Every structure is written in structure tokens, then in C-alpha cells.
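Structural description and commentary
Each chain, letter by letter, is given below.
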Amino acid sequence: MGVKKKQVVVIGLGRFGSSVCRELYKLGHEVMAIDMSADKVENITDYASQASIADATDKAQLKSLGVRNFDQAIVAIGDDLQASVLCTLMLKEIGLEKVWVKARDLQHKKILEKVGADRVIQPENEMGIRVAHHVDSENIVDYIDLSKDYSIVEMSATGKIAGKTLIQLEIRVKYNCIILAVKRGEDVNIAPHPDDIVELGDILVVMGHRNDLKRLEEKRL
């Protein structure tokens, strides 16, 4: 069974918004793209089910476009604090259940949360954290924050553990971390068996407390 097709409104077609719009469209979702710039709207027409020039802070225009019938909105006008806040308010008043919004800084994020944004995204901050963790440990392939204290990391298996089973690594016992998956090339082993053998170059997807993950990283598996 395939992933359910969603109807998503993307408002603001800068680099972030247009990137989200293109990827959602490629994934097979119905995407409405909205921006006040005719040039930006024209540039996205091949990657949207519908592209419209409109003022997303105007409730009447949003209603006329049928935005209320969509599953979700992504507001990507993060550089204009007032516009993104007003747009978020309008979308929630219209009745959209899920509104994700791009924020430019922490103050902006707090305001958006207070006016009803369901999720606030800070692309530069989130990418900065991931890059810092790449620099901090050569073994780290990717890093995702789940909360203030818990994260998921992808780390490369070195020769130190190649040929050992997952249970022999004792990652849960020694570090209180959980191996969620093992990636080998294009193959992903979800919920691997304790007796599965780790090979050199495998990517271990590990979840745990940040302090425990740090201890695990320092072992340079």
C-alpha cells in the first residue's frame, strides 16, 4: 500500500519554500504554491498542481483559493515576521488543522507558537546543529533532534566492530541506546535481529539520550 496522497499548500516560494514544493510534488502529493511574486509563481508551475499569485495575509484571498480544503499548509515566508504571523493566524482561523511555519530566529519561533503554529521550522539552525555534529565526530553520518534531550544519529561501523553481532556490541547495555536500523548500501534493515552481523561500512541508526549518544560516539565504533 502506497503513502496516502496529501493536499498541501506551500506559501512563500523562496529557496526553502520552492524546495519543499518541488519535493512534495515529486513525491506525488497535490501541491498549491502561493506567492506575491509573479516570477516566483511562474518558476514553480512545473512542480505544483496549482500555482497562484496572492497575498497570503488576506483571508478573503485564501478562502477564494480553496485553502480550507487542504490537509496542511507550510508557511515559508520566514524573513517577513509580520506576514508569516498574520498568514499563520489566517490559516488557523480558516480551519486548517496542520500549519507548519518557517521562523527566522527564536523570538519569531515563540510568537508563531503562541498564534497556533503546529510546528515551527528553523532550517538554518537545524542544519547548523547537524553540521556541527558531523564535524564533532567523523563517524556521524547524520543527526536528528527528537527533543531537547533525545536524538537519532547515523554512525558508520568501523573495523573495530565488523564481524560482530549486534548483541555482542552491547550498545543497549553499555550505553542505554537503541539500534533502530542498519543501512547497508541501498538496503535498510528495520528493527534488526540481535544476531545480525555488522559489516565494515554499515550505517547504524541509533536512538538515545544525547549524553549517552555522545559516549557511544567517543568509542569510535
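See the structure shown above.
Residues numbered from 1 in each chain as written. Predicted model: local features only at pLDDT ≥ 70, side-chain atom pairs only at ≥ 80, totals over all residues. Heavy atoms only, no water.

Before going further, it helps to spend a moment on the sheet that holds strand β5 (residues 98-102). If you trace the six strands from one edge of the open sheet to the other, you get β3-β2-β1-β4-β5-β6, paired in parallel fashion. Each end of this open sheet is capped by a strand with a single partner; those strands are β3 (50-53) and β6 (119-121). Strand-to-strand twist across the sheet, computed as the mean angle between neighbouring axes with direction ignored, equals 15°. With three bridges connecting them, β5 and β6 associate as parallel partners. Bridge pairing in β6 places Trp 100 opposite Arg 119. Taken strand by strand, helix α1 (residues 15-26) contacts β1 (7-11), β2 (30-35), β4 (72-75), β5 and β6, and its axis lies near 160° from that of β1. (Pairing = 2+ DSSP bridges. Helix = DSSP H or I, 4+ residues; strand = E, 2+ residues; numbered from the N terminus. Axes fitted to C-alpha atoms, helices over the stretch in contact; angles between N-to-C directions. Contact = heavy atoms within 4.5 Å.)

Running from amino to carboxyl end, helix α4 (residues 81-94) crosses helix α5 (residues 106-114) at an angle of 20°, the nearest separation of the two axes being 10 Å. Classified by the interaxial angle, the pair formed by α4 and α5 is roughly parallel. As for the relative orientation of α4 and α5, their crossing is right-handed in sense. Taken together, the residues of α5 that come into contact with α4 (itself represented by Leu 81, Ser 84, Val 85 and Thr 88) are His 108, Ile 111 and Leu 112. The class makeup of the residues in the contact of α4 with α5 is four nonpolar, three polar and no charged. (Parallel < 35°, antiparallel > 145°, perpendicular 65-115°, else oblique. Left-handed = near helix turned anticlockwise from the far one by under 90°. Nonpolar A, V, L, I, M, F, W, Y, C, P; charged D, E, K, R; others polar.)

The subject of this paragraph is unusual backbone geometry. Even without being glycine, Glu 170 reaches a positive phi, approximately 50°. Structurally, Glu 170 is set in the loop between α7 (166-169) and α8 (171-175). Positive phi, normally seen in glycine, also occurs at Asn 176, with a value near 60°. The topology assignment puts Asn 176 in the loop between α8 and β9 (178-184). Assessed through its relative accessible area of 54%, Asn 176 is described here as exposed. (Buried < 20%, exposed > 50% of the residue type's maximum accessible area, 1.4 Å probe, protein only.)

What follows is about a nonpolar patch on the surface. Taken together, the side chains of Ile 144, Leu 146 and Tyr 150 make up a nonpolar region of the molecular surface, amounting to roughly 290 Å² of accessible area. Along the polypeptide, Tyr 150 turns up in strand β8 (residues 150-156). (Patch = residues over 30% accessible without salt bridge, like charges linked within 9 Å, V, L, I, M, F, W, Y side chains within 5 Å. Areas by Shrake-Rupley, 256 points an atom, 1.4 Å probe, with all protein chains shown as cover. Salt bridge = Lys/Arg side-chain N within 4 Å of Asp/Glu carboxyl O.)

Residue alternation in β4 divides its side chains into two sets, Gln 72 and Ile 74 and Ala 73 and Val 75, and both sets are buried. Relative to β4, β1 is paired through four bridges, and the arrangement is parallel. Bridge pairing in β4 places Val 10 opposite Ile 74. Alignment of β4 against β5, held across four bridges, turns out to be parallel. Residue pairing across strands places Val 75 opposite Val 101, the latter belonging to β5. Tracing the backbone out of β4, into α4 and back to the parallel element β5 gives a crossover that is right-handed. (Right-handed = clockwise from strand over helix to strand, strands pointing away.)

A separate point is the packing of aromatic side chains. Under the counting rule described, the total for this entry stands at zero aromatic pairs. One Lys or Arg, Arg 22, reaches over the ring of Tyr 47 and ends 5.2 Å from the middle of that ring. Taking the ring centre of Trp 100 as reference, the NZ or CZ of Arg 119 above it sits at 4.8 Å. (Phe/Tyr/Trp six-rings, centres within 6.5 Å; stacked < 30°, edge-to-face > 60°. Lys NZ or Arg CZ within 6 Å of the ring centre and 35° of its normal.)

Further remarks concern the side chain of Ser 52. Looking at the element boundaries, Ser 52 is found in strand β3. Ignoring anything within four residues of it in the chain, the contact list for Ser 52 reads Ala 33, Ile 34, Asp 35, Val 41 and Leu 65.

Moving on, we come to the nonpolar core. Residues Val 9, Ile 11, Ile 34, Leu 62, Val 67 and Leu 91 are the most contacted members of the largest nonpolar core, which totals 24 residues. Broken down by secondary-structure element, the contributors of at least two residues to this core are β1, β2, β4, α4 and β5. Ranked by the residues each element gives to this core, the list is headed by α4, at five residues. If near-sequence neighbours (up to four positions away) are discounted, Leu 91 is found in contact with Ile 11, Leu 62, Val 67, Ala 73, Val 75, Leu 96 and Val 99. Counting 16 residues, the second-largest nonpolar core is a separate cluster that includes Val 153, Ile 179, Val 198 and Leu 204. (Core = buried A, V, L, I, M, F, W, Y, C linked by side-chain atoms within 4.5 Å.)

Attention shifts here to the environment of Ile 190. Structurally, Ile 190 can be placed in strand β10 (residues 187-190). Since its relative accessible area comes to 62%, Ile 190 is described here as exposed. On a C-alpha basis, the gap between Ile 190 and Leu 180 in space is 6.4 Å, while along the polypeptide they are ten residues apart.

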